[in-house]
Amino acid sequence: MIDNDPKEKSDSSSPKPTNFIRDIIDEDLKKNKYERRVQTRFPPEPNGYLHIGHAKSICLNFGIARDYNGLCNLRFDDTNPSKEEVEYVDSIKEDVKWLGFDWGYREYYASDYFDQLYEYAIQLIKKGVAYVCDLTGDQIREHRGTLTAPGKESPYRNRSIEENLDLFERMKNGEFPDGSKTLRAKIDMSSPNINMRDPIMYRILHEAHDRTGDKWCIYPMYDWAHGQSDSIEKITHSICTLEFEDHRPLYDWFVDQLGIFHPQQIEFARLNLSYTVMSKRRLLQLVEEGNVNGWDDPRMPTICGLRRRGYTPESIRYFAERIGVAKRENIIDVALLEDSLREDLNKRVLRTMAVLKPLKVIIDNYPDEKVEMLDAINNPEDEKMGTRKIPFSKVLYIEQDDFMEEPPKKFFRLSPGNEVRLRYAYIIKCVGVVKNPATGEIEELHCTYDPETKSGSGQSQRKVKGTIHWVSAAHTVNAEVRLYDRLFNVENPSGDDWKNFINPASLTILSNCKMEQSLINAKKQDRFQFERLGYFCVDYDSMPANLIFNRTVTLKDTWAKIAKSS
RNA sequence: UGCCCGGUGGUGUAAUUGGCAACACACUUGACUCUGGAUCAAGGAAGUCUAGGUUCGACUCCUAGCCGGGCAGCCA
């Protein structure tokens, strides 16, 4: 059965996405490779916050495990204690969980394998394919050669096995200072693949590790740890990004030398999103230099930023599915992310009316003290969400943008002498404009209403072009609204001058917004559609006495397009 | 100028593995509408980086180019 509801498409009941990785797995299954078992893993380094690019990888790895009745591990690649911190472990777990994935008991750490890795290293030394090298960092670089010239062999390359064993043990025991020695694989200094030119397996680092304390003063390099970690966990398909493609021969070499389980690495192109940056380094810079207010700033493409912005896990999963997986470089239009979000929110979110930039309207022919309770629909997409009552009275607020003194041709909203419908209320006509004599600013509008046009009365056949939202002035709750726009002004902010493209107007704070009173009970993270404006959620900073909403995403705005093009 | 990878509408991803290039977003137009939302309908847009070759037939296979990306951390 095919389910056409897009937000359900990430469920296992729906047709599976097709991509080259799944093709490979299908092929492996057909050939009975790995005894028809599928196991993946998501292997973050706990040195930063997860972003939407990681979400792609998470959805890929967990999604494949789900669809193939396999398993997906969460493994922290914590091989460098000088760069990693426990706080990141917690945030990563929270984000993966929030995205809707469950790694069960399979929470692993590369540091869990330090003993095993050490044993493996001894095996390679005994086999004569690993050696302790005394070259300094500079010397190692010199010996490595260049992209076009082969390297030179280290003078320490042919130490005896006994000496290597002894030295390596003493490295482990902390007898040598940082950087004085390394353990290297003995492969081929003239290999065209630089990764094969006797890569470093262990470095000396007298530094405590978050999980192993001060047990170790040698730490495995990523290249030495990663493949074996996958092997130890019996990962069948090690899915990673393109930059590790050149490392695959090395990983293959290690597991083959060791004669242990051989996972298959498959590389895919990382996600790039238009109008933002994705590298940890750049995101960190934005945070540290105060261009945003922290990692969870709603403008950030981090998972915690998107969450605070009001994104749903469903929308991110749907997005991840829609962008596909391939090996070519890509920049995904952020409009696709926004579309995925709207698709989800449109169906589930409560409608309400809120006026962001209020303009006072007085209905001259409406009784002074009268208050009518009118029926409003909570969600036209979902009848089950019911209706609510909203108060109507003589003094209202409408949106400043919904009035123009001199309207252009296609402007369907309010203007002098013209009519609009007030949503769920009456048709009104603008009969007067009051301006501040000094500034010329419009201060209030005088209108008349047509009692025959009450919403739902069915008595009036009259139709007007425009319908606008409003709130009754005496029945509002004030709020702050934070409007977010793209962080950068260019699609691809790359190069050294990337920071020059930061959008200075990426955040606009509106502090005198008038909301339907029911919103006073809104809880943090609650989501709403403010009719005709967009989707909004309650920010973490919000307090009952000081409501704060984030604009998650605008509604599609045909008028904005018309206005812009003319 | 070494090795590895990639090149299909504006963007992204497909193409039963050699059989009429499809889907989504974006864009345009129209219908409908008490959200200029949603929905629905229509449309423009690639002949698959180039040149050869194999074949009845090539996005797909072969050859040679061109263009883009990655790699010279005791980072991951």
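Look above for the structure.
Since the model is a prediction, treat every value here as computed from it, not as a measurement.

**Student:** Quick question: what am I supposed to make of the nonpolar core here?
**Tutor:** Side chains of nonpolar character tend, in soluble globular proteins, to be buried together. Ranked by internal contacts, the top residues of the largest apolar core, which has 39 residues, are Ile52 and Val96. Of all elements in the fold, only helix H2 (52–67), strand E2 (71–76), helix H3 (86–98), helix H10 (303–309), helix H11 (313–323) and helix H12 (334–348) reach the threshold of two or more residues within this core. Among the domains, domain 1 (20–270) and domain 2 (280–350 + 479–565) are the pair contributing at least three residues each to this core. When near neighbours in sequence (up to four residues on either side) are disregarded, Ile52 contacts Leu271, Leu273, Met278, Pro301, Ile303, Leu306, Ile316 and Phe319. Residues Tyr113, Tyr120, Ala121 and Met196 belong to the second largest nonpolar core, which totals 32 residues.

**Student:** What's the story with the packing of aromatic side chains in this structure? I'm lost.
**Tutor:** The relative placement of two aromatic rings is captured by the distance of their centres and the angle of their planes. Applying the stated criterion to the full structure yields 23 aromatic pairs. The interplanar angle of 15 degrees and the centroid separation of 4.2 Å between the aromatic rings of Phe530 and Phe536 together place this pair among those described as stacked. Phe530 sits in the buried class, given a relative accessible area of 0%. One aromatic cluster is present, built from ring pairs that chain together Phe114, Tyr118, Phe168, Tyr202, Trp216 and Tyr219.

**Student:** How should a negative patch on the surface be read in this particular structure?
**Tutor:** Together, Glu85, Glu87, Asp90 and Asp210 make up a negatively charged patch on the protein surface. Relative to the helices and strands, Glu87 resides in helix H3. In this structure Glu87 comes out as partly exposed when scored by relative accessible area, which is 46%.

**Student:** Explain the sheet that holds strand E1 (residues 39–42) here, please?
**Tutor:** Sheets are built from strands paired through backbone hydrogen bonds, the pairs being either parallel or antiparallel. Reading across from one edge, E1-E2-E3 is the order of the three strands in this open sheet, with parallel pairing throughout. Looking at the sheet topology across the chains shown, the edges are occupied by E1 and strand E3 (107–109). Across the sheet, the mean angle from the axis of one strand to that of its neighbour is 35 degrees, orientation sign disregarded. When E2 meets E3, the two strands line up parallel, connected through three bridges. Its bridge partner being in E3, Leu74 is matched across the sheet by Glu107. Of the strands in this sheet, E1 and E2 are in contact with H2, which crosses E1 at around 160 degrees.

**Student:** Can you walk me through the pattern of salt bridges in this structure?
**Tutor:** Pairs can form between side chains of opposite charge once their charged atoms are near each other. Per the stated rule, a full pass over the model turns up 47 salt bridges. A salt bridge links Glu94 to Arg307; the nearest nitrogen and oxygen atoms lie 3.5 Å apart. You can see Glu94 sitting in helix H3 and its partner Arg307 sitting in helix H10, a full 213 residues away along the chain. According to the relative accessible area criterion, Arg307 is buried, its value standing at 8%.

**Student:** Please clarify how unusual backbone geometry should be interpreted in this entry.
**Tutor:** Most peptide bonds take the trans form, and the phi angle of most residues other than glycine is negative. One non-glycine residue with positive phi stands out, namely Asp198, at about 45 degrees. Among the structural elements, Asp198 can be located in the loop between strand E5 (182–185) and strand E6 (200–204).

Reading the values: the criteria
Residues numbered from 1 in each chain as written. Chains lettered and ligands numbered in written order. Predicted model: local features only at pLDDT ≥ 70, side-chain atom pairs only at ≥ 80, totals over all residues. Heavy atoms only, no water. Core = buried A, V, L, I, M, F, W, Y, C linked by side-chain atoms within 4.5 Å. Buried < 20%, exposed > 50% of the residue type's maximum accessible area, 1.4 Å probe, protein only. Helix = DSSP H or I, 4+ residues; strand = E, 2+ residues; numbered from the N terminus. Domains from an automatic or database assignment. Contact = heavy atoms within 4.5 Å. Phe/Tyr/Trp six-rings, centres within 6.5 Å; stacked < 30°, edge-to-face > 60°. Patch = residues over 30% accessible without salt bridge, like charges linked within 9 Å, V, L, I, M, F, W, Y side chains within 5 Å. Areas by Shrake-Rupley, 256 points an atom, 1.4 Å probe, with all protein chains shown as cover. Salt bridge = Lys/Arg side-chain N within 4 Å of Asp/Glu carboxyl O. Lys, Arg positive; Asp, Glu negative; His and termini not counted. Charge placed at Lys NZ, Arg CZ, Asp CG, Glu CD. Pairing = 2+ DSSP bridges. Axes fitted to C-alpha atoms, helices over the stretch in contact; angles between N-to-C directions.

Note that every value here comes from positions in space, so none of it alone points to a role or purpose.
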